[in-house]
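Chains, contacts and geometry: an overview
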Amino acid sequence: MFEPVFAESRADRSRSDRSLATRCRVLGIDPGLTRCGFAVVDGKGARTASAISLGVITTPKSDPLPQRLAALRTEFTDLIAEFAPDVVAIEQVFFQVNVRTAMSVGQASGLALAEAALAGCEVIQYTPNQVKDAVAGWGGADKAQVQKMVQARLGLSVLPKPADAADAAALALCHLAMSPMHRQIRVQAGTAR
């Protein structure tokens, strides 16, 4: 079940929905099988972003893999249905020393990619270094630096925790910072929406 650690009230969400004509809603996903971070962020760019919801989806390690993947898929479907993102930004599985971890992250990432595409969302992947560079200004930033920058950019009163939720918010902020460039590339390629 997805557990928001921060969520805007439904009344606040409906007020912000009216102004979404010029805003972009991004669902950031930091994939993982045991703990999968998510963040829903609205904004016209990285400097005008506001957090709608942040949290973590968890699956019990004791459950068999197929049941964990099915539960994760259901949670992705529910998140997309509830928040109706324009874009889903997912961390690209780039490199893992632990093969077992890489497999489970890859499986979670694949589910998120597929569910977002099936829902008709634009789907973008970013590497961890791209995210850190866009949010903290340096591709080698550590988790604490990313959390502090997410807190500052979203105007949160407390540090976003756990780190998985902060990483998902950083993915959404990265997309908002990079999206003008993506739009320009699509226009040049003749594939703009």
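Residues numbered from 1 in each chain as written. Predicted model: local features only at pLDDT ≥ 70, side-chain atom pairs only at ≥ 80, totals over all residues. Heavy atoms only, no water.

**Remarks on the packing of helix H4 (residues 128-136) against helix H5 (residues 143-154)**
Rules: Axis definition: a line fitted to C-alpha atoms, over the contacting stretch in the case of helices. Angles run 0 to 180 degrees between N-to-C directions. The helix count covers DSSP runs of H or I at least four residues long, the strand count covers runs of E at least two residues long, and both are numbered beginning at the N terminus. Angles below 35 degrees are treated as roughly parallel, those above 145 as roughly antiparallel, those between 65 and 115 as roughly perpendicular, and all remaining angles as oblique. Should the near helix be turned anticlockwise from the far one by less than a right angle, the crossing is left-handed, and should it be turned clockwise, the crossing is right-handed. In this analysis, two residues are considered to be in contact whenever any of their non-hydrogen atoms come within 4.5 Å of each other. Here the term charged refers only to Asp, Glu, Lys and Arg, the term nonpolar to Ala, Val, Leu, Ile, Met, Phe, Trp, Tyr, Cys and Pro, and the term polar to all other amino acids, Gly among them.
Look at H4 against H5: their axes get within 9 Å of each other, and the N-to-C directions meet at 50°. When the interaxial angle is binned, H4 and H5 end up oblique. The hand of the H4/H5 crossing is left-handed. For the pair H4 and H5, the contacting residues are Lys132, Ala134, Val135 and Ala136 in the first and Val146, Met149, Val150 and Arg153 in the second. Among the residues making up the contact of H4 with H5, the classes are represented as six nonpolar, no polar and two charged.

**Points about the environment of Leu79**
The following threshold applies: The classification of residues rests on relative accessible area computed with a 1.4 Å probe and restricted to protein chains. Under 20% of the type maximum is buried, over 50% is exposed, and intermediate values are partly exposed.
Along the chain, the position of Leu79 falls in helix H2 (residues 65-83). A relative accessible area of 0% means that Leu79 is categorised as buried. Through-space distance from the C-alpha of Leu79 to that of Ala116 is 10.0 Å; in sequence the pair is 37 residues apart.

**A short note on the nonpolar core**
Inclusion rule: In this description, a nonpolar core means a group of buried Ala, Val, Leu, Ile, Met, Phe, Trp, Tyr and Cys residues linked to one another through side-chain atoms lying within 4.5 Å.
Among the nonpolar cores identified, the biggest contains 29 residues, and Val26, Val41, Tyr126, Val131, Val150, Leu154 and Leu173 are the most heavily contacted of them. Every element with two or more residues in this core is listed here: strand S2 (24-30), strand S3 (35-43), strand S4 (50-58), strand S5 (87-91), strand S6 (122-126), H4, H5 and helix H6 (163-189). The element contributing the most residues to this core is H6, with nine residues. If you look at the next biggest cluster of nonpolar residues, it comprises 21 residues, including Leu72, Leu111, Ala112 and Cys121.

**Some thoughts on H2**
Every α-helix winds through 3.6 residues per turn, so residues three or four apart in the chain are directed the same way. Cut-off, in case you're wondering: Expected helix span is computed as 1.5 Å times (number of residues minus one).
The end-to-end C-alpha separation of H2 is 27 Å, in line with the 27 Å expected for 19 residues at 1.5 Å each. Once H2 finishes, Ala84 follows within two positions and takes phi at roughly 45°, a positive value.

**Details of the environment of Asp133**
Topologically, Asp133 is positioned in helix H4. Judged by its relative accessible area of 45%, Asp133 falls in the partly exposed class. Sequence separation between Asp133 and Val146 is 13 residues, and the spatial gap between their C-alpha atoms is 9.6 Å. Every residue in contact with Asp133, bar those within four places of it in the chain, is listed here: Trp138 and Gly139.

**Overview of the pattern of salt bridges**
Think of it this way: side chains of opposite charge can pair up when their charged atoms draw near. Put simply, the test is: Basic side-chain nitrogens of Lys or Arg form a salt bridge, by our definition, when they fall within 4 Å of a carboxyl oxygen of Asp or Glu.
Scanning the entire structure with this criterion turns up four salt bridges. Note that Arg73 is salt-bridged to Glu115, the shortest N-O span being 2.8 Å. Here the residue Arg73 occupies a position in helix H2, and Glu115 occupies one in helix H3 (residues 99-118), the gap between them amounting to 42 residues. On the basis of relative accessible area, Arg73 is assigned to the partly exposed category, the value being 41%.

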